[in-house]
Each structure stands twice: as C-alpha cells, then as structure tokens.
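Each chain, letter by letter, is given below.
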Amino acid sequence: MASNCSSPTVRLDPHGEVLGQRFSSYLAPTLKEAPAEAEIISHKLMIRAGLIRRLAAGIYNYLPMGLRSLRKVERIIRGEMNRFGAREVLLPAVQPAELWKESGRWEKYGPELLRFKDRHDRDFVFGPTHEEVITDLVKREARSFRDLPLNLFQIQTKFRDEIRPRFGLMRGREFIMKDAYSFDVDDAAADRSYKAMYQAYQNIFRRCGLKFAAVEAHSGAIGGNYSHEFMVLADSGEDAIAFCPACSYAANLEKATSRYPLTPGPKDGELIKTHTPNCRHVPELAKFLGVPPSSIIKSLLFLADRTEPILALIPGHREINLVKLKDALDGREPVLASPEEAEKIMGVPMGFVTPVGAKVKIVADLALERLQSGVAGAGEKDYHYLNAQIHRDFPVHALVDLVVVADEDPCPQCGQPLAIRRGIEVGHVFKLGVKYSAALGATFMGSDGQLTPLIMGCYGIGLGRTLAAAAEQNHDRDGLIWPMALAPFQVALLPLQIQNPDVAQAAETLLDELTSLGVEVLLDDRDERPGLKFKDADLLGLPLRATISEKSLANGAVELKKRLDRTVTTLPVAVAAQELKNLVETMLSPI
RNA sequence: CGGGAUGUGGCGCAGCCUGGGUAGCGCACCUGAAUGGGGUUCAGGGGGUCGCUGGUUCAAAUCCAGUCAUCCCGACCA
C-alpha cells in the first residue's frame, strides 16, 4: 500500500476494515453510567461501551465499535453458510401483501406484521421473515429435480412489531437476521439439508466463542414439524431449557418430556365419593386425604379459541404446558376458563369439577394411564372421588403429553435427573416440510415426470442477539470481555503519557508493526490520564491490552495484559508485535 | 393489548406529594493552569420553552384533564 511521510498510512484488512484505529477520531462514546432504560447487563454494557444507541423502542443505532463486532458475527456466519453449500441472495424487505394472503399468514401473523400501503393504496408488509418471497422465487426459477437441492440464505434487516421489545438488541423490533431456506426433492434429502445446517450452526456458535446448546424445540408460528434451537446459556435468558447432565438430551421446556415419578393408585378400586370440605386446591386436598399430590387428577377447564370448552387432566404435582395443550387442540389457543365461566359450564365451583360423565371433550396427560387411578373432583361441591380411573370412569378424546417438566425429573433418554437452565435463543433450525410450497404451489418436475411440492427447511440466526448473548456471557464488573473472534479490535494499545514524544513514538511504531502483521488495534491516543484509559479499556473489553509508558520504556518493554484473566507480562519492544500477533492467532482458534 | 411505573441540559438524579413565586446537584462538555500507572485537582464557562397540549391561577416543573414516549411483569419470537 502506498504511503507518504506526511500523512499516516491507513491500513485495511481484506474486508476493507481499518486495522489501526485511533480512539480520538473514532465515535466511541463511553459512559460512566448506563441509561435507566437498560435492565440487563449486556444492554447496559453495550450502551456504556459505546457500541449501540437507542433510537426508538426496539430500534437501535450501531456505532462504529458495535458495527465492527456485528460484521465479525456476519462474516463467521457467511463463511459457514458458504462452506455448507448455501448460496447468498438478498431479498426485498418490502413485500407485496398478495404473497402473504396466498400463504394465509396475512390473517394469521397478527399485529406483529408491520403493514402499510403505497401511494396507490396497495398493501405491503415489511418482511418479518421470508418464506413467502423465497418460495415464490424458487417456484419460478427451480422447475426440475436437476435444479435441486437448493439452499439460499441472506443477511438482512427484519421488522417484527413485537408487543414488548426489550433488553436492547436481545429483542428488538428491527433486527438483523441471517435466514436460510432449503428446497429438496424428498424427505431424506431434506434431512441431509437440515443436518448440514445443524452442523453449520454448531460451527458458527463455537467460532463465536459462545457456550451454547442445541435443544429440541417446538416449531411455533413459523410452522413445520421438526426443529432445534441454539441456546446460549445465560441466567438472563428468556427461555428455559431442560438439560441432561448425563447424556446429550436437551430440549426447550415447552417441548421437554419425561416419565416423571408419581404414586399409582389401586388398580380396579371402586369409585367412591368422599366428603372433602373446602378442598379446592391440590395441596389442601392432598393433606386432607393423606395422599401424595401426584395421585390427584387435576381437572382444568379451558376454552379453545375462547369458545369450545375442553377439560384438561394432569397429575396434581405438575403444571400444565400450554404449548403442548395448544398442539393437542390443533393449534387453537387454550384460554383458562375463569372461575365464573367454569362454574357456569360445569355446574360446580372450580376445584370440584369432574371428568366423570363430563359433557365436554377431555384431553388427558399420558401419565394418567400410569397412575391407574386417582382422586378426582366429584362434580359436587365439597366432594371428590377416590379411585377414579381413566377409560373406565371417564373416556378421553386425546391422551397426550401435557405437562411442564420439573427440575430433576428423569431424562427421557437415560433416566438421570434433568436440570433446568435458562438460555437465549440465538438460532433456530426448522424442517418445514411442504407447508409453504404446497400453499404457494411451489412444485418441481421429478425424474418420473410428476409434479411434486418441494420439501423445505428454514434456518435463522439473530445477529444482534448473538452479539448481545456474547456480551451477556462474557463480562465482569469492569466491563465486557470479548471473545477474540467477536472483539471490535483485537488489541488495545495504550500509551500512558501521550505528551511524552518517546512514548508517543513507541506507540506509533508498535501500531505500525501490528497493523502490518494484520492485527486489529485500537490506539488510545487521547491526552487523558492513565486511570481513565484503563477504565475505558476494561469497559470495551478488547481481549489484549498493550501498555507503553515511560516506566515500561525504561526497561525496553511493552506491558501485556489479558482482559480475561488479568495476567500481566512484559514483552521486549522488539518482539512485542510478533508476540501479540501470535497470541491473537491462538486466541482465535477455539479450543 | 392487560397490569405496574417513569418522563427535569448528553448521562444519572433532586425539587412535585406536604405552602404554586430566581430551575438545582454529580458526571460529561468548553477555556486556563497544574497533574500524569486505575474514572486527577483547582479556577472559570456554555448548555434546560421541566415530554407535549389544554385547563385552573396574578403566577405552574409543582394542581387538574388529555395525549405522546420510555421501562418493568404476561402471550410472541432470531
């Protein structure tokens, strides 16, 4: 690169990013205190370190420092997607409503979908996701099995008008997502596409230096029949995960299953009505009758889509899982009936509702068969049945898994106790099947001459969320501690007495050496006192800090401090650049 | 959308309720001097239609009404 002696060379990396940046001319406003709006640590630190600023609820500016890290996440993702055979495209953010009407999601997606009209009064949406657009594209352009398999991805801004955006980049309304879509000729091929993306995601999050788990997930509103979520483990996570420390089992709590313990009642015992005054709730009923809560059959009245009454039966020691119940109701929304509604429909106060002879549909948890018999409401105030037996005393319309797994329930794979932990969902892979291809008529001509719907998969990663999750997982009380792969710069270079020409010159020389080796450096060239520079360096959390001072130069040395473990070593000036370069390399390759 | 709260210089807050009358503190910012290894000190300085609109009043940051915005708790999701 050409240089001239009067102006400093601007060295760029292969991506066009500046390798050696000067703090004084960089927009990196650090804050002593976080704004009151920031609640969780990653949000506070990302604002304090000058990475992001809020513009409106759930809508953020990325400042230069934040953008550098975001670009790193982006490059890691792009690299792995390309490695696993996906092709990058860029689809429009603004989409005509027709496509959404065709897929049925114009009605289904709800108020989260940002809708607007153009000057001709035509309906448009700002894309929250791109199944419609991509399927439309592929159905036009990929007509034959010879064009398949196909996996297309993009990295682009989405908008979802979340009811409650929160936690900074964690749940924004406008956010940047990598979304990929695969198209295959049959199920086996679709499985291969799915597995490839699963592996790509493992690589991506590993390279980002995150502690994460891939967990079985519920498919949610996107639809489809099989999916995994990639969860970054963090106490502030919005999701709960059931986790087996002994084997590989991990699932979103919404999805997790278990043959949890319970105390079976007698087989073929006689149905007996017994007086249970004021025993409305499981704990008092269990105490009154001297039975374990698990042998009580809890009857909960729901209204499917607020209309059809449904009685859900679960053992008394577990909570109902509304997601599972919703699936059992074919996607209709279960709303718990109010005590007044329940009394009106069932004719008895809540707590004494009975499945025996009930005129409404009954959905029961699988465990009721293992239970053999149990205590159930008798349909009469202050009375319960003993030995109520599923099938014999009350028929059920569906027998399915309905409960929320509890801490230490046995793992469905190995039987060891499960642990429940919290996580941040940074990625999600779905096997979609033919949901969109069938709705939008996306078919291909097979080798047999038949038109068949494409088998689809879709795969998302939230970039800002990944960045926030990394911050959430890597910090201490002084600030951020970036994994080398995501750090905005790899080395913080701190000349402590910038007004001393020897110190300033030594820093310039080291900056030049480092950047010529391709190391990313932030030079704190501000005329500030050492304490302030140290504080800012800690807050920014660049993994390596090189300090040059009158003191260190007297020993011909540069002081090196690692942000993570705070270990300090000194390097002779002559070899400092190369040593730092080597360190960066080793810290980049994940262990 | 339901429940709870908050809006006062760039950031954090006090003042309001409980007497309606000059708008205050810390940090940041600017100038000067000293200082120079963990948010330095002193002196001086700039910056606010107190979210907005309307009302009550001689007089409103303060009382009343409406409205907007932001945050927290629930359903949704990358």
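Treat the numbers as computed from the prediction; the structure is a model and nothing was measured.

**Observations regarding the side chain of Gln202**
So, step 1. Here Gln202 is to be found in helix 6 (residues 187–207).
So, step 2. Gln202 has contacts with Phe212, Ala214 and Phe230, leaving out every residue within four places of it along the chain.

**Section: the confidence of the model for chain A**
So, step 1. With 97% of its residues at a pLDDT of 70 or more, chain A shows a mean pLDDT of 91.
So, step 2. Both scores are given for the predicted complex: the pTM is 0.92, the ipTM 0.91.

**What to know about the domain arrangement of chain A**
Often, the extent of an interface is quoted as the loss of accessible area on bringing the components together.
So, step 1. Partitioning chain A into structural domains gives domain 1 (20–51 + 488–587), domain 2 (68–257 + 418–470) and domain 3 (272–400).
So, step 2. Centre-to-centre separation of domain 2 and domain 3, based on C-alpha positions: 38 Å.
So, step 3. Listed as interface residues are six residues of domain 2 and, on the opposing side, four residues of domain 3.
So, step 4. For the pair domain 2 and domain 3, the summed buried area comes to about 330 Å², and 45% of that belongs to carbon and sulfur atoms.
So, step 5. The three residues of domain 2 that bury the most area against domain 3 are His218, Glu254 and Ala256, which together make up 86% of that side's buried surface.

**Focus: the sheet that holds strand 15 (residues 297–304)**
So, step 1. Taken in spatial order, the five strands make up an open sheet running 18-15-16-19-22, and their pairing is mixed. Single-partner strands in this sheet number two, and they are strand 18 (334–336) and strand 22 (398–400). Between one strand axis and the next, the sheet turns through 35° on average, direction left out of account.
So, step 2. The pairing of strand 19 (residues 361–365) with strand 22 spans three bridges and is parallel.

**A look at the nonpolar core**
So, step 1. Judged by nonpolar contacts, the single largest core of 63 residues is most densely connected at Tyr201 and Phe205.
So, step 2. Both domains that meet at this core, namely domain 1 (20–51 + 488–587) and domain 2 (68–257 + 418–470), each give it at least three residues.
So, step 3. Those residues in contact with Phe205, other than ones at most four positions away along the chain, are Leu210, Phe212, Phe230, Val426, Gly427, Ile461 and Thr466.
So, step 4. Judged by nonpolar contacts, the second largest core, of 36 residues, contains Leu325, Ala367, Ala378 and Val403.

Conventions used here
Counting starts from 1 at the beginning of each chain's written sequence and moves along it residue by residue. To label them, take the chains in the order written and letter them from A, then take the ligands in the order written and number them from 1. Given that the model is predicted, a residue must reach a pLDDT of at least 70 before its local features are reported, and side-chain atom pairs must reach 80 or more before they are shown or counted; all residues, however, enter totals for whole chains, interfaces and linings. Only heavy atoms go into the side-chain values, all of them from the structure, while hydrogens and water stay out. Each helix is a run of DSSP H or I of at least 4 residues and each strand a run of E of at least 2, with the numbering of both proceeding from the N terminus. Every residue pair with non-hydrogen atoms within 4.5 Å of one another is taken to be in contact. pLDDT is a residue-level measure of predictor confidence that goes from 0 to 100. Per the annotation, domain bounds derive from an automatic or database assignment of domains. Note on terms: buried area is the combined drop in 1.4 Å-probe accessible area of two parts once they are placed together, counting the loss on both. Criterion used throughout: strands pair if DSSP finds at least two bridges between them. A fitted line through C-alpha atoms represents every axis, and for helices the fit uses only the stretch in contact; the resulting angles, taken between N-to-C directions, go from 0 to 180 degrees. Side-chain atoms within 4.5 Å are what join buried Ala, Val, Leu, Ile, Met, Phe, Trp, Tyr and Cys residues into a set we call a nonpolar core. Exposure is judged per residue with a 1.4 Å probe applied to protein chains only, and the accessible area is read against the type maximum: over 50% gives exposed, under 20% gives buried, and values in between give partly exposed.

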